[in-house]
Amino acid sequence: MSQLTLEQVRLITCRLKDISDTWADLWVFLHLVPVGVSRAINVRHSSFDGKSLTMEKQGKFKEIEIVVSPLVCELIRERKKRYPEDIYIFQSHSNRVKFQGKPVTVIAFNQALKIASKGITEQIVSSKSARL
């Protein structure tokens, strides 16, 4: 599978913004932070200290601390400002779980990517495509 071009990534990001700011932010986050989507969606606001993220132990993954770029810091701050009650950085706001405080799902994210990438590339675009 060939990688997406930067232009394709940009166009997909723009389309994701039209669907949901959460999907667009998650897509950007995955490009900038060296973790898989299952770890990214489970990151809580309380894991961010203003400069780094602590990824909690999860299954076979040990706890790690990642110093994040200023762009990622700004993304997290903006999400907290936009959704002050959220527990997770990428929390679901769907009617199904709106009042339960749950993170988004990988399945829903991949579905949004499929829709957003249509007509931009013939490649199958998924959360794994974020690794350039």
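Right, let's walk through the structure included here. Values in this document were obtained by computation on a predicted structure and should not be read as measured data. (Residues numbered from 1 in each chain as written. Predicted model: local features only at pLDDT ≥ 70, side-chain atom pairs only at ≥ 80, totals over all residues. Heavy atoms only, no water.)

1. Concerning the overall build of the chain
The criterion, for reference: Each helix is a run of H or I in the DSSP string that is no shorter than four residues. Each strand is a run of E no shorter than two, and both are numbered from the N terminus. Our radius of gyration is a C-alpha quantity, and the globule rule it is checked against amounts to 2.2 Å times the number of residues to the power 0.38. A 1.4 Å probe rolled over the protein chains alone gives each residue an accessible area, and that area as a share of the maximum for its type sets the label: buried under 20%, exposed over 50%, partly exposed in between. Shrake-Rupley sampling with a 1.4 Å probe provides the accessible areas, and residues are treated as covered by the protein chains on show and by no other component. Charge assignment in this entry is limited to Lys and Arg as positive and Asp and Glu as negative, and neither His nor the chain termini are counted. Think of each charge as sitting on NZ of Lys, CZ of Arg, CG of Asp or CD of Glu.
Each helix and strand counted, the chain has five helices and two strands in total. Mapped from its N terminus to its C terminus, the chain presents α and β elements in the order α-α-α-β-β-α-α. The C-alpha atoms of the chain give a radius of gyration of 14 Å, which matches the 14 Å a tight globule of 132 residues would have. When the backbone C-alpha atoms are referred to their principal axes, the chain occupies close to 40 × 30 × 30 Å. Across the 132 residues of the chain, 44% fall into the buried class. Approximately 7900 Å² of the chain is accessible, and the part contributed by carbon and sulfur atoms is 56%. Of the charged side chains in the chain, 21 are positive and 13 negative; the average position of the first set lies 6 Å away from that of the second.

2. Re the layout of surface pockets
We count it as follows: Lining residues are those with an atom within 4 Å of a point, where the points come from a 1 Å grid over the protein atoms alone and group into cavities, where a 1.4 Å probe fits but cannot get out, or pockets, open sets with protein on both sides within 12 Å along at least five of seven lines. Grid points are joined across faces, edges and corners, and a volume is the space filled by probe spheres set on the points. All amino acids are sorted into three groups, where Ala, Val, Leu, Ile, Met, Phe, Trp, Tyr, Cys and Pro are nonpolar, Asp, Glu, Lys and Arg are charged, and the leftover types, Gly among them, are polar.
Looking at the largest pocket, its volume works out to about 150 Å³. For the lining of the largest pocket, a count of residues per class yields three nonpolar, seven polar and one charged.

3. A closer look at the side chain of Asp86
Our working definition: By the convention used here, residues are in contact when the closest approach between their heavy atoms is within 4.5 Å.
Secondary-structure assignment places Asp86 in the loop between helix H4 (70-82) and helix H5 (106-117). If we ignore the near neighbours within four places in the chain, the residues touching Asp86 are His45, Lys80, Gln91 and His93.

4. Re the pattern of salt bridges
Convention followed: By definition here, a salt bridge exists when the distance from a side-chain nitrogen of Lys or Arg to a carboxyl oxygen of Asp or Glu is within 4 Å.
The tally for this structure, following the rule as stated, stands at six salt bridges. Of the charged contacts in the structure, one is a salt bridge between Asp21 and Arg82, with a shortest N-O distance of 2.4 Å. Of the two residues, Asp21 sits in helix H2 (residues 21-32) while Arg82 sits in helix H4, which places them 61 residues apart along the sequence. The class for Asp21 is partly exposed, based on a relative accessible area of 23%. What makes Arg82 partly exposed here is its relative accessible area of 38%.

5. Some details on the packing of H2 against H5
Note the threshold: To obtain each axis, a line is fitted to C-alpha atoms, and for helices this fit is confined to the stretch in contact; angles are then taken between N-to-C directions over 0 to 180 degrees. Should an angle lie under 35 degrees it is considered roughly parallel, over 145 roughly antiparallel, and from 65 to 115 roughly perpendicular; all remaining angles are considered oblique.
In contact at an axis separation of 11 Å, H2 and H5 are set at 95 degrees when each is read in the N-to-C sense. Between H2 and H5, the angle is such that the two are roughly perpendicular. Contacts from Trp23, Leu26, Trp27 and Leu30 of H2 reach H5 at Ala108, Phe109, Ala112 and Leu113.

6. Observations regarding the environment of Lys128
Take Lys128: it is sitting in the segment after H5. Sequence spacing of Lys128 and Lys114 is 14 residues, and the spatial spacing of their C-alpha atoms is 12 Å.

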